[in-house]
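# Understanding the architecture of this molecule
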Amino acid sequence: MISVVLPTYNEREGVAELVTEVLAVTRGAGLDAEVLVVDDDSPDGTAAHLAVVFQTDPAVRVHVRRGERGLAGAIRRGIQEARGDSLVVMDSDGNHDPTLIPLMVRCAEDFDVVVGSRYVLGGGMLTSGFRYWASYAFNILIRVVLGLRIHDNLSGYLVFRRAFVDRIEPEAVFYGYGDYAIRFLYQTVRGGGRVLEIPTVYRFRKGGESKTRFFAYFWTYLASVFRLRLTGR
Ligand SMILES: Nc1nc2c(ncn2[C@@H]2O[C@H](COP(=O)(O)OP(=O)(O)OP(=O)(O)O)[C@@H](O)[C@H]2O)c(=O)[nH]1
Ligand SMILES: [Mg+2]
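The shown structure was predicted, so the numbers you read here are calculated from the model rather than taken from an experiment. Position numbers for residues start from 1 in each chain and track the written sequence from start to end. By the order in which they are written, chains take letters starting at A while ligands take numbers starting at 1. It should be noted that, the model being predicted, local features are given only for residues of pLDDT at least 70 and side-chain atom pairs only at 80 or more, the latter also being counted only at that level, while totals for whole chains, interfaces and linings use all residues. No hydrogens and no water enter the side-chain calculation; it runs on all heavy atoms of the structure.

### Quick notes on the packing of helix α1 (residues 12-28) against helix α2 (residues 46-53)
Angular values range over 0 to 180 degrees, each being the angle between N-to-C directions of two axes fitted as lines to C-alpha atoms, with helices fitted over their stretch in contact. Segments assigned H or I by DSSP are reported as helices when at least four residues long, segments assigned E as strands when at least two residues long, and all are numbered from the N terminus. Following both chains from N to C, one finds α1 and α2 inclined at 35°, their axes separated by 9 Å at the closest point. As α1 runs across α2, the sense of the crossing is right-handed. Packed against α1, whose contacting residues are R12, V15, A16 and V19, the element α2 presents T46, H49, L50 and V53 at the interface. Note on residue classes: Ala, Val, Leu, Ile, Met, Phe, Trp, Tyr, Cys and Pro are nonpolar, Asp, Glu, Lys and Arg are charged, and everything else, Gly too, is polar. Here the residues of the contact of α1 with α2 sort into five nonpolar, two polar and one charged. Two helices cross in a left-handed way if the nearer one is turned anticlockwise from the farther one by less than a right angle. They cross in a right-handed way if the turn is clockwise. Contacts are residue-level and defined by heavy atoms, with any inter-residue pair within 4.5 Å sufficient.

If you want it as structure tokens, here you go:
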């Protein structure tokens, strides 16, 4: 079974459409899949909306965290609650294209972590030229500072096996925002894990608003990279 973990915060507008797409793609590929939404008690009613739309489908589970906020913490909770032996982590707003899931899951049989990557041939980003080049430049910095040869450490579209993630110390990785992915990939490579990048093109979000405050997060991400370099975690 595979578990698709979708962290949500105020994604009511587009998330039901994405969940429907994920179910269609995985069922079409003959995969037994559950969708596990981890919502941080979104004020827009994301969780209640999903509970109504998918009330007759046991493959969709909605987990609400109360009094807690944060992308990486939500993903950590999703991994804990997931029942599958393969795990897919992706954005819940439609940026990540779910049609890649069957291929990524297949590749995760031979690799420890499979990354949906914007920066390998065939990958890209429809949404923002600025964000595309800013993330590209930040990935070069990661390469220089940490010696990681992965082209997209910031995509957050990741597939791995339960048995693999259980070897990683969660409190050393799953905190903060998208910088958790840098720590996850760094620990993977440092532990001898094998990473495969598969090209993906970011699509437009299906509705709602961006939670990424780019300039604020830039400093957090930068601090995370140097902390990893200096302390290894
Ligand atoms: N549970 C939870 N999910 C979050 C939180 N912050 C962001 N997310 C989710 O993380 C994903 C990425 O956030 P986005 O706002 O889409 O960030 P982004 O993709 O950089 O920005 P856009 O390009 O505008 O989509 C989305 O699925 C959000 O719903 C949070 O505090 N808690
Ligand atoms: Mg997004």
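Resuming the write-up.
### What to know about the pairing of strand β4 (residues 86-89)
Only protein chains enter the area calculation, which uses a 1.4 Å probe; residues under 20% of their type maximum are buried, those over 50% are exposed, and those in between are partly exposed. Residues S86 and V88 of β4 are buried on one face, and the alternating residues L87 and V89, pointing to the opposite face, are buried as well. Across four bridges, the pairing between strand β1 (residues 2-8) and β4 is parallel. When the bridges of β4 are listed, S3 appears paired with L87. Bridge analysis of β4 against strand β7 (residues 158-161) gives four bridges, and the strand direction is antiparallel. Among the inter-strand pairings, L87 is bridged to a residue of β7, identified as F160. Strands are treated as partners if at least two bridges between them are detected by DSSP.

### Quick notes on the site of ligand 1
Any residue with a heavy atom lying within 4 Å of a molecule or strand is counted as near it. Close to ligand 1 lie 20 residues; E11, S92, D93, K211 and T212 are nearest. The contact in question runs from an oxygen atom of ligand 1 to an N or O atom on the side chain of D93, over 2.6 Å. For the area figures, the Shrake-Rupley method with a 1.4 Å probe applies, and any residue is considered shielded solely by the protein chains shown. A total of 630 Å² of accessible area belongs to ligand 1 in isolation, and the protein chains cover 93% of it. Counting residues per element, the ones that place at least two in the shell around ligand 1 are β1 and α3 (71-81). Between N or O atoms, a polar contact is any pair within 3.5 Å; within protein, one atom must be a potential hydrogen donor and the other a potential acceptor, and residues adjacent in sequence are included only when both atoms are from side chains.

### What to know about unusual backbone geometry
Positioned with a positive phi, N10 is a non-glycine residue whose angle comes to about 55°. Residue placement: N10 occurs in the loop between β1 and α1. Phi is positive for D41, close to 55°, though the residue is something other than glycine. By secondary structure assignment, the location of D41 is in the loop between β2 (33-39) and α2. A relative accessible area of 37% places D41 in the partly exposed class.

### A word on the coordination of the magnesium ion (ligand 2)
Within the protein, D93 (OD) and N95 (OD1) serve as the donor atoms for the magnesium ion (ligand 2), at 2.0 Å. By relative accessible area, D93 is classed as buried at 5%. Here the coordinating atoms are restricted to nitrogen, oxygen and sulfur within 2.8 Å of the metal centre, or 3.2 Å for Na, K and Ca, and because water is not among them the sites may look incomplete.

### Examining the nonpolar core
In this description, a nonpolar core means a group of buried Ala, Val, Leu, Ile, Met, Phe, Trp, Tyr and Cys residues linked to one another through side-chain atoms lying within 4.5 Å. L146, F160 and F184 are the most contacted members of the largest nonpolar core, which totals 38 residues. In terms of residues, this core owes the most to one element, helix α7 (residues 179-190), which gives six residues. Leaving out residues up to four positions away in the same chain, F184 has contacts with V113, L158, F160, F164, V165, I168, V173 and F174.

### A word on a nonpolar patch on the surface
Two distance rules govern patches: like charges are joined within 9 Å, and nonpolar side chains (Val, Leu, Ile, Met, Phe, Trp, Tyr) within 5 Å, applied only to residues with over 30% relative accessible area and no salt bridge. Between Lys or Arg on one side and Asp or Glu on the other, a salt bridge is scored when a side-chain nitrogen of the former is within 4 Å of a carboxyl oxygen of the latter. Taken together, W133, Y136, I140 and V144 make up a surface patch of nonpolar side chains, about 440 Å² in accessible area. Its location among the elements puts W133 in helix α5 (residues 129-146).

### Considering the sheet that holds strand β5 (residues 113-117)
Pairing is mixed across the open sheet formed by seven strands, whose spatial order is β3-β2-β1-β4-β7-β5-β8. Looking at the sheet topology across the chains shown, the edges are occupied by β3 (60-64) and β8 (195-199). Adjacent strand axes in the sheet meet at a mean angle of 20° when their direction is disregarded. Bridge count for β2 against β3 is five bridges, and the pairing is parallel. Paired with V35 across the two strands is V60, which belongs to β3.

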